[in-house]
Amino acid sequence: MVVIASGTDLLPRMRKKQIAPSVLLDISSFQDDLRYIRQSDGMVRLGALTTLTDVLESPIFKDRLSILHEAAWLFGAPQVRNVATVGGNVCSAASSEDLIPVFMALGAKVKLISAKGERTVPLTDFIVGKRATAMKSSEILAEIHLESPKEHSWTGFEKLGRRNMLILSLVSEALCLSLENDLLTVRSARIALNRVAGRVPALAEKTGDFLTGRKLSEETIAQAQKVLASELALTSDFRGSGSYRTEVALVYLKKLLHRCLGKIRGSS
Ligand SMILES: Cc1cc2nc3c(=O)[nH]c(=O)nc-3n(C[C@H](O)[C@H](O)[C@H](O)COP(=O)(O)OP(=O)(O)OC[C@H]3O[C@@H](n4cnc5c(N)ncnc54)[C@H](O)[C@@H]3O)c2cc1C
């Protein structure tokens, strides 16, 4: 049995015969229970059936959380955004899914429900490989939730494809940067990419650890780029080579650090 939300990922794969489920479980009618964006007590919760258009139109995704607005704006085209769901994006567990690095950079967790109850799993543990998740066959993803970034924090997203519309990501990279009160020392840096090793979206943990506790300077950024290069193991395919993807990821790291730094200083 395979769950179908809006089918924008699943149906093309079925047409290409990459997957041939004998039974489809359509959850699209659970709009009242699974389609919402809520903010309270510093937490933001998105129901699995929330669409990309819902994200784009929500007033919640601005300032420190504008990363979700950015990612939604660069996502597909209006026709796709109107139906594609955040739950379907995360459950696809593919390197072309832009929201996975975004939610990973935000430290998001997913709520999985089944007839037996519910459990919450960090997104980094939920994605276990290329198109593989930690979800059991009896479960569905009900919610993605995250803490709003705190004071002196900012988030940013960069994406490169081979065209300007309907972009399938060659590289997508997300950053959540937090600084200490001196607005120079890194309190934490969560960097997530659509591919870190092979074709699996993940956090670039070594690079985040390297930056933590260091004062941000051009020299630190150049060193962080070297650390990132050492932890990326990117493969080539017909869209682009691994070395080109690595080069872009390093440029994006610098760009995102500069962007977030500027925003934090400008808003403090
Ligand atoms: C023209 C086009 C452009 C696109 N552009 C982009 C883009 O720019 N960026 C991007 O990231 N993606 C893009 N996509 C891919 C796709 O739209 C997204 O992955 C979308 O978010 C999938 O959501 P869906 O509701 O259609 O999921 P579905 O296709 O219904 O499901 C996808 C997978 O998730 C599982 N699933 C879905 N919901 C749940 C749930 N709640 N619980 C458990 N399992 C579930 C399904 O079993 C399936 O394996 C594009 C697709 C098309 C056709």
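Describing the side chain of Glu 139
Here Glu 139 lies in the loop between strand 8 (132–133) and strand 9 (140–147). Polar contacts involving the side chain of Glu 139 include one to the main-chain amide nitrogen of Lys 136, which spans 2.8 Å. If we ignore the near neighbours within four places in the chain, the residues touching Glu 139 are Leu 112, Ile 113, Ser 114, Arg 119 and Ala 134.

Remarks on the environment of Ser 22
By the secondary structure assignment, Ser 22 is in the loop between helix 1 (10–15) and strand 2 (24–26). For Ser 22, a relative accessible area of 73% translates into the label exposed. Expressed as a C-alpha distance, the spacing of Ser 22 and Ser 148, which sit 126 residues apart in the sequence, is 40 Å.

A few points about the sheet that holds strand 10 (residues 153–160)
Strand order in the open sheet made by the four strands is 10-11-12-13, with antiparallel pairing throughout. Since the sheet does not close on itself, it has two edges, and those belong to strand 10 and strand 13 (200–203), each with one partner. Along the sheet, successive strands turn relative to each other by an average axial angle of 10 degrees, direction set aside. Two strands pair when backbone bridges link them, and strand 12 (residues 186–197) and strand 13 are joined in this way by three bridges, in the antiparallel orientation. Counterpart to Ala 192 in the pairing with strand 13 is Leu 203. Most of the contacts of helix 4 (residues 66–73) go to strand 10, to which it runs at about 15 degrees, and overall it touches strand 10 and strand 11 (171–179).

Concerning the packing of aromatic side chains
Centre-to-centre distance and the angle between the planes together describe a pair of aromatic rings. Under the defined criterion, the tally for this structure stands at zero aromatic pairs. The ring of Phe 210 has Arg 214 lying over it, and the distance from NZ or CZ to the ring centre is 3.9 Å.

Notes on helix 10 (residues 218–231)
With 14 residues, helix 10 should cover 20 Å at 1.5 Å per step; its first-to-last C-alpha distance of 20 Å lies within 8% of that length. Within the span of helix 10, buried status applies to Thr 220, Ile 221, Ala 224, Gln 225, Val 227, Leu 228 and Glu 231. All buried residues of helix 10 fall inside an arc of 165 degrees around its axis, so they share one side. Within helix 10, the exposed residues directed more than 90 degrees away from the buried face are Glu 219, Lys 226 and Ser 230. Close packing links the buried residues of helix 10 with strand 11, strand 12, helix 9 (205–211) and helix 11 (242–267).

Description of the pairing of strand 12
Both faces of the sheet carry side chains from a regular strand, because those side chains alternate between them. Sheet analysis places strand 11 next to strand 12, joined by seven bridges and oriented antiparallel. Note on strand 12: the bridge partner recorded for Leu 177 is Ala 189. What sits between the antiparallel neighbours strand 12 and strand 13 is a turn of two residues, in which Gly 198 has the positive phi angle 65 degrees.

Side note on the site of the ligand
Close to the ligand lie 29 residues, the nearest being Val 3, Thr 8, Thr 85, Glu 97 and Asp 98. Contact between the ligand and Gly 7: an oxygen atom at 2.7 Å from a main-chain N or O atom of the residue. Leu 141 is positioned such that a nitrogen or oxygen atom in its backbone is 2.9 Å from a nitrogen atom of the ligand. Alone, the ligand offers 980 Å² of accessible surface; in the complex the protein occludes 88% of this. It is helix 6 (residues 86–92) that provides the largest number of residues to the shell around the ligand, a total of four residues. Its residues assigned to classes, the shell around the ligand comprises 16 nonpolar, nine polar and four charged.

Points about the packing of helix 10 against helix 11
Where helix 10 meets helix 11, the closest approach of the two axes is 10 Å, and the angle between their N-to-C directions is 145 degrees. Note on packing geometry: the crossing formed by helix 10 with helix 11 is right-handed. Of the residues in helix 11, those touching helix 10 at Glu 218, Ile 221, Ala 224, Gln 225, Leu 228 and Ala 229 are Thr 246, Ala 249, Leu 250, Val 251, Leu 253, Lys 254, Leu 257 and His 258. Residue composition of the contact of helix 10 with helix 11, grouped by class: nine nonpolar, three polar and two charged.

Quick look at the state of the cysteines
Using the criterion set out here, one finds zero disulfides in the structure. Looking at the unpaired Cys 176, the closest cysteine sulfur is the one in Cys 260, lying at 7.6 Å. According to the relative accessible area criterion, Cys 176 is buried, its value standing at 7%.

Rules used throughout
- Residues numbered from 1 in each chain as written.
- Predicted model: local features only at pLDDT ≥ 70, side-chain atom pairs only at ≥ 80, totals over all residues.
- Heavy atoms only, no water.
- Helix = DSSP H or I, 4+ residues; strand = E, 2+ residues; numbered from the N terminus.
- Polar contact = N/O pair within 3.5 Å; in protein donor to acceptor, adjacent residues only side chain to side chain.
- Contact = heavy atoms within 4.5 Å.
- Buried < 20%, exposed > 50% of the residue type's maximum accessible area, 1.4 Å probe, protein only.
- Pairing = 2+ DSSP bridges.
- Axes fitted to C-alpha atoms, helices over the stretch in contact; angles between N-to-C directions.
- Phe/Tyr/Trp six-rings, centres within 6.5 Å; stacked < 30°, edge-to-face > 60°.
- Lys NZ or Arg CZ within 6 Å of the ring centre and 35° of its normal.
- Expected span 1.5 Å × (residues − 1).
- Arc of directions from axis to C-beta.
- Near = heavy atom within 4 Å.
- Areas by Shrake-Rupley, 256 points an atom, 1.4 Å probe, with all protein chains shown as cover.
- Nonpolar A, V, L, I, M, F, W, Y, C, P; charged D, E, K, R; others polar.
- Left-handed = near helix turned anticlockwise from the far one by under 90°.
- Disulfide = S-S within 2.5 Å.

These figures come from the coordinates and say nothing about function on their own.
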